[in-house]
Amino acid sequence: MAPAEREPRRTAAGAPPSVGPRRTIPLQEITLPHECPRPVRIHVLSRAPYFAGLDEAALDAVARRMRTRTYAADEPVYRAGEPADSLYVVAEGRVRVSQATADGTETVTDVLVPGELFGAMGTLGEPSHLQSASALVGSCILRIGQGDFRQVLLEQPQVALRVLDDVAARLARAHTDIGGQGTETVPQRVARALLRLADKLGEDRGPRGVMLEVPLSRADLAGLARSTPESVSRVMSRWKKDGIVDSGRRWTSLLDRPFLEEVAAGGG
């Protein structure tokens, strides 16, 4: 059956599936004050796209050039418009990336987990931050300045090549996004946003679906899906009624991932 005509999911007894009583699910976070020990820093850097594959000695050299700082929930790492001269790596916790809409509303454009790089610097063609970043929960973050990063590029040619590939990929994604916004449907963009989050931080809970333990408002999801809160709300309300998703104040559950994958691929 095509996604647009889908009947609500039913249990054997004919009732819509239940994910249990609605409740607030605590997010995983670190207790502050906190220090990221060397093993954590090395492990996280080994997962970061620029540094994956480096041996321990090389990772240690990178780690020594990085500064560590902890952030409380909602504490800003940087704000849009500020000079960009550093790259950051999430070591523990989660970071939200957001931008202001035309009416001044701050909407989430990405949620980052340990091992992910973020930030900007003139060396990479971004002299100022285009978006804001803040800790979603208590987090430990590694930071490397522009001068130290340039030194890493000189010492590790493979990192320099990955940076070039990444800059090229960003440009390609920007062109794809511009062209895709006119052809993709709102359900398609919402499904892709939910699946991206599921791949990053989803927890498979069997019949209760893939749980996203993140406070995600309709405005936040609209930012991730490059749509409007009203359009996203209509899609999510329909999917919730049909048993495709469920949600609470601080969580969202994907109950039917195959359906969302079909929608994301343009089916229906």
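So, here's what we can say about the structure. (Residues numbered from 1 in each chain as written. Predicted model: local features only at pLDDT ≥ 70, side-chain atom pairs only at ≥ 80, totals over all residues. Heavy atoms only, no water.)

### Some details on the environment of threonine 107
For clarity, the threshold we go by: The way it works is that DSSP assigns letters per residue, a run of H or I at least four long becomes a helix, a run of E at least two long becomes a strand, and they are numbered from the N terminus. By definition, residues are in contact when any of their heavy atoms lie within 4.5 Å.
In this fold, threonine 107 is placed in strand S5 (residues 106-112). Separated by 11 residues in the primary sequence, threonine 107 and arginine 96 have C-alpha atoms spaced 9.6 Å apart. Apart from residues no more than four positions distant in its own chain, threonine 107 is found in contact with Val97, Ser98, Gln99, Thr101, Ala219, Asp220 and Gly223.

### Notes on unusual backbone geometry
So the rule is basically this: Think of it in three bands: with a 1.4 Å probe and only protein chains considered, a residue is buried below 20% of the maximum accessible area for its type, exposed above 50%, and partly exposed in between.
The phi torsion at aspartate 74 lies on the positive side, around 75 degrees, for a residue other than glycine. You can see aspartate 74 is positioned in the loop between strand S1 (67-71) and strand S2 (76-78). Residue class for aspartate 74 comes out exposed when judged on its relative accessible area of 52%. Positive phi values are uncommon outside glycine, yet arginine 226 reaches one of about 55 degrees. Assignment of secondary structure puts arginine 226 in the loop between helix H6 (218-225) and helix H7 (229-241). Of the residues examined, arginine 226 reaches a relative accessible area of 29% and is grouped as partly exposed.

### Considering the state of the cysteines
Note: disulfide means a covalent bond formed between the sulfur atoms of two cysteine side chains. Note the cut-off: Cysteine sulfur atoms that come within 2.5 Å of each other are treated as a disulfide pair.
A full pass over the atoms with the stated rule returns 1 disulfide. Here cysteine 36 is linked by a disulfide to cysteine 140, with a sulfur-sulfur distance of 1.6 Å. Of the two residues, cysteine 36 is situated in the segment before helix H1 (38-47) and cysteine 140 in strand S8 (residues 139-145); the sequence distance between them amounts to 104 residues. The same class applies to cysteine 36 and to cysteine 140, which are both buried.

### Considerations on the nonpolar core
Side chains of nonpolar character tend, in soluble globular proteins, to be buried together. Basically, it comes down to this: Grouping buried Ala, Val, Leu, Ile, Met, Phe, Trp, Tyr and Cys residues that are joined through side-chain atoms within 4.5 Å yields what is termed a nonpolar core.
By size, the foremost hydrophobic cluster in this structure holds 33 residues, and its most contacted members are Val190, Leu194, Leu221, Trp239 and Leu260. Among the elements of the structure, S5, helix H5 (186-201), strand S10 (210-212), H6, H7 and helix H8 (257-264) are those that each provide at least two residues to this core. If one sorts the elements of this core by residue count, H5 sits on top with 9 residues. Excluding its chain neighbours within four sequence positions, the residues that come into contact with leucine 221 are Val190, Ala193, Leu194, Leu216, Val232 and Met236.

### Here we look at the sheet that holds S10
Cut-off, in case you're wondering: Strands pair, by our definition, only if DSSP identifies at least two bridges between them. An axis is simply a line fitted to the C-alpha atoms; with a helix, the fit covers only the stretch in contact. Between two such axes, the angle follows the N-to-C directions and lies from 0 to 180 degrees.
In space, the 4 strands of this open sheet follow the order S9-S10-S12-S11, with antiparallel pairing throughout. The sheet terminates laterally at strand S9 (202-204) and strand S11 (245-247), the two strands that pair on one side only. Neighbour to neighbour, the strand axes of the sheet diverge by 25 degrees on average, direction disregarded. The sheet contact formed by S10 and strand S12 (residues 252-254) spans 3 bridges and is antiparallel. Its bridge partner being in S12, leucine 212 is matched across the sheet by threonine 252. The sheet contacts of H7 involve S11 and S12, and relative to S11 the element is tilted by about 110 degrees.

### Quick word on the packing of H5 against H7
Applicable threshold: What sets the label is the angle itself: under 35 degrees gives roughly parallel, over 145 gives roughly antiparallel, 65 to 115 gives roughly perpendicular, and the rest give oblique. Amino acids are sorted into nonpolar (Ala, Val, Leu, Ile, Met, Phe, Trp, Tyr, Cys and Pro), charged (Asp, Glu, Lys and Arg) and polar (every other residue, Gly among them).
H7 packs onto H5 with a crossing angle of 75 degrees between their chain directions and a minimal axis gap of 10 Å. Taken together, the axes of H5 and H7 are roughly perpendicular relative to one another. Contact residues: Val186, Pro187, Val190, Ala191 and Leu194 in H5; Ser231, Val232, Val235, Met236, Arg238 and Trp239 in H7. Across the contact of H5 with H7, the residue classes tally to 9 nonpolar, 1 polar and 1 charged.

### A few points about the side chain of serine 253
Structurally, serine 253 is set in strand S12. Exposure remark for serine 253: the relative accessible area of 0% places this residue in the buried category. The contact partners of serine 253, leaving out residues within four places of it in the chain, are Arg208, Gly209, Val210, Met211, Ile244, Val245 and Asp246.

### Structural notes on the pairing of strand S3 (residues 85-92)
A regular strand places its side chains on the two faces of the sheet in alternate fashion. Most of S3 sits inside the fold, with 6 of its 8 residues counted as buried. Judged from the 5 bridges that link them, S3 and strand S6 (residues 117-121) form a sheet pairing that is antiparallel. By the bridge assignment for S6, valine 89 is matched with leucine 117.

### Remarks on the pattern of salt bridges
Here is the rule we go by: Salt bridge, as used here: a side-chain nitrogen of Lys or Arg that lies within 4 Å of a carboxyl oxygen of Asp or Glu.
Evaluation of the coordinates by the stated rule reveals 16 salt bridges. With a closest N to O distance of 2.9 Å, arginine 38 and aspartate 60 form a salt bridge. Taken as a pair, arginine 38 in helix H1 and aspartate 60 in helix H2 (residues 56-64) lie far apart in primary sequence, 22 residues in all. Residue arginine 38 is classed as partly exposed on the basis of its relative accessible area of 35%. Among the residues examined, aspartate 60 registers a relative accessible area of 18% and is labelled buried. Lysine 240 is paired through a salt bridge with aspartate 246; the nearest N and O atoms lie 3.9 Å apart. In this structure lysine 240 comes out as partly exposed when scored by relative accessible area, which is 31%. Residue class for aspartate 246 comes out buried when judged on its relative accessible area of 10%. Through salt bridges with shared partners, a single network forms among Arg38, Glu56, Asp60 and Arg64.

It is worth stressing that arrangement in space is one thing and function is another; only the former is reported here.
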